[in-house]
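Okay, here's what each chain looks like letter by letter:
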Amino acid sequence: MEIPPSANNQPRLAPPLQQQGGSFPEGNPGRKRNIIIAVAAGAAVVLTAAILALVLLVLPLFSPDRGMSATAGTYFQALIDGDGEKALSVSDPGVPENEKALLQNNVYKSAGQRIDGYRILEARSDFVTAEVTQNGRKQEVILRMTKSREGDWKVGSKNFQKIRVSSARPVKSFTANGVEIPAPDPGAGARNSELLMPAFPGEYTLGLAGDKYSTAEELKTLVSIDRAISKTSASLKVLPSQLLLDETRTLLKNKQSECVATPPSTASEASRRGCSGFALYEYRPTRNMKWTIEKEPTFTLIRSEDSWIIQPKESGKASASYEVNSGSDDAPKWEPKVEQVETRVSGDIQIVDEKATLKER
């Protein structure tokens, strides 16, 4: 449709079209869209920054370093408290259950010279470095950490030192801080017994048990945070128990009473009857033999492979009164005689059916 010219013959301009349903500012229809996009972008930046700040705040709580430090702290505190079971719950000594006897509460609670302080210095990779105090000595300790199947950090087996205790003869049991620990079966023909087990830092008192006829002087071992001064081996000397000494004394006394009551008349008879200490080696015929014990001999017992050897310490004294034939068989001439004799004891003590028996040498 044509638009008529104006009065001065100038062409008329068409009126602007009305925007249906909108209110964009005249002349800039995309301005509002740009504002919305800018606001959304700003909000996204703010949200991203907030999330990043939250991650940076929470991440250390779940970091491997923090987990290792917490485990190491639990471990060291349990050692201070003498709580072997707690220390075991966050560590792996790398041995089967039957080799964890020294790590149990009943043993470790009584250990002396346990650690008495610690300070975590660093945790990275799979190592924790700490400053540890034991019996007044400060030492920097590096714990090698491992992860359990469940993903928990544990103090690894390489951190454990082992105590070795042995005896010169086979024994049934050892003791550690008064707790009996069965000795491994040494096998047929073995000449000794030995125990090798991991232990926490501390001092342990070792001895023998399980045999009423054997004992040993207790020895101390030390697991130190400074491995250079650790003393983790002990060789126990097997000794006769007081019970065995008493029973041996009774056995010897009974044999002596038997020999005194019916004295042997010859050396061969004395040897045959186990009365070798009552032989006079008199080549002439004797009669009316009478022995009087004036002083008892003393002895000690030495362990052999399968028995105890009676070894004299001090000689005893006895007097023998008798008559000796200074004549001949056809014309005997009996003369009284008194002889002073030093008496000694000898023989072996064998354990048969859990009972001490005397075997004359």
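Computed from a prediction, not measured in an experiment: that's the story for all the values here.

What counts, and at which threshold
Residues numbered from 1 in each chain as written. Predicted model: local features only at pLDDT ≥ 70, side-chain atom pairs only at ≥ 80, totals over all residues. Heavy atoms only, no water. Helix = DSSP H or I, 4+ residues; strand = E, 2+ residues; numbered from the N terminus. Buried < 20%, exposed > 50% of the residue type's maximum accessible area, 1.4 Å probe, protein only. Contact = heavy atoms within 4.5 Å. Polar contact = N/O pair within 3.5 Å; in protein donor to acceptor, adjacent residues only side chain to side chain. pLDDT = per-residue confidence, 0-100. 1 Å grid on protein atoms, 1.4 Å probe; cavity = no way out; pocket = protein on both sides within 12 Å on 5 of 7 lines; lining within 4 Å. Points joined across faces, edges and corners; volume = space filled by probe spheres on them. Nonpolar A, V, L, I, M, F, W, Y, C, P; charged D, E, K, R; others polar. Phe/Tyr/Trp six-rings, centres within 6.5 Å; stacked < 30°, edge-to-face > 60°. Lys NZ or Arg CZ within 6 Å of the ring centre and 35° of its normal. Expected span 1.5 Å × (residues − 1). Arc of directions from axis to C-beta.

1. Details of the environment of Tyr213
Here's step 1: On the secondary structure map, Tyr213 appears in the loop between strand 9 (202-209) and strand 10 (214-216).
Here's step 2: For Tyr213, a relative accessible area of 3% corresponds to the buried category.
Here's step 3: Aside from chain neighbours lying at most four places away, what touches Tyr213 is Leu239, Pro240, Ser241, Leu243, Leu244, Glu247, Trp308, Ile351, Glu354, Lys355 and Ala356.
Here's step 4: Looking at Tyr213, its side chain comes within polar contact range of the side chain of Glu247, at 2.8 Å.

2. Here's the deal with the confidence of the model for the protein chain
Here's step 1: Within the protein chain, residue pLDDT values average 84, and 82% of them lie at 70 or more.
Here's step 2: Confidence drops under pLDDT 50 across residues 1-14; counting only partners more than four residues distant or on other chains, this segment forms six contacts.
Here's step 3: Considering only residues more than four positions removed or in separate chains, one finds that residues 16-27, a stretch of pLDDT under 50, has two contacts.

3. Remarks on the side chain of Gln134
Here's step 1: The residue Gln134 is located in strand 2 (residues 127-134) in this model.
Here's step 2: If we ignore the near neighbours within four places in the chain, the residues touching Gln134 are Gln113, Arg114, Ile115, Asp116, Pro201, Gly202, Leu222, Val223, Ser224 and Ile225.

4. Thoughts on the side chain of Ser304
Here's step 1: Its place among the elements puts Ser304 in the loop between strand 15 (299-303) and strand 16 (308-312).
Here's step 2: On the basis of relative accessibility, which here comes to 16%, the residue Ser304 falls in the buried class.
Here's step 3: There is a polar contact of 2.8 Å between the side chain of Ser304 and the backbone oxygen of Ser307.
Here's step 4: Each residue touching Ser304, except ones within four places of it in the same chain, is listed here: Arg169 and Ile309.

5. Describing empty space enclosed by the protein
Here's step 1: All chains considered together, the criterion is met by two cavities of 30 Å³ or more.
Here's step 2: As for the largest cavity, its lining consists of Pro264, Ser265, Thr266, Ala267, Phe278, Ala279, Leu280, Tyr281, Glu282, Thr286 and Met289.
Here's step 3: Partitioned by chemical class, the residues of the lining of the largest cavity number seven nonpolar, three polar and one charged.
Here's step 4: The calculated volume of the second largest cavity comes to roughly 60 Å³.
Here's step 5: Forming the walls of the second largest cavity are Leu102, Ile163, Val165, Phe174, Thr175, Ala176, Ile181, Leu195, Met197 and Leu206.
Here's step 6: At the level of elements, strand 5 (161-167), strand 6 (173-176) and strand 8 (193-199) are the ones that each hand at least two residues to the lining of the second largest cavity.
Here's step 7: Ranked by the residues each element gives to the lining of the second largest cavity, the list is headed by strand 6, at three residues.
Here's step 8: Here the residues of the lining of the second largest cavity are counted per class, giving nine nonpolar, one polar and no charged.

6. Points about unusual backbone geometry
Here's step 1: In this structure, Gln113 is a non-glycine residue whose phi angle is positive, near 55 degrees.
Here's step 2: Residue position: Gln113 is located in the loop between helix 4 (105-108) and strand 1 (115-124).
Here's step 3: One non-glycine residue, Ser125, lies in positive phi territory at about 55 degrees.
Here's step 4: Mapping Ser125 onto the fold places it in the loop between strand 1 and strand 2.

7. Description of the packing of aromatic side chains
Here's step 1: Using the criterion set out here, one finds six aromatic pairs in the structure.
Here's step 2: Considering the side-chain rings of Phe160 and Phe200, the 5.7 Å spacing of their centres and the 45 degrees angle between planes classify their relative orientation as tilted. Of the two residues, Phe160 sits in the loop between strand 4 (153-155) and strand 5 while Phe200 sits in the loop between strand 8 and strand 9, which places them 40 residues apart along the sequence.
Here's step 3: Members of the aromatic cluster, each reached through a chain of ring pairs, are Tyr75, Phe76, Tyr108, Tyr118, Phe160 and Phe200.
Here's step 4: Looking at Arg114, its charged tip hangs above the ring of Tyr108, at a distance of 5.9 Å from the centre.
Here's step 5: Directly above the aromatic system of Tyr283 lies the positively charged group of Arg284, at a separation of 5.8 Å from the ring centroid.

8. Examining helix 5 (residues 242-261)
Here's step 1: With 20 residues, helix 5 should cover 28 Å at 1.5 Å per step; its first-to-last C-alpha distance of 28 Å lies within 8% of that length.
Here's step 2: When helix 5 is considered as a whole, its buried residues turn out to be Leu244, Leu245, Thr248, Leu252, Gln256 and Cys259. For helix 5, the buried positions fall inside an angular range of 105 degrees around the axis, keeping them on one side.

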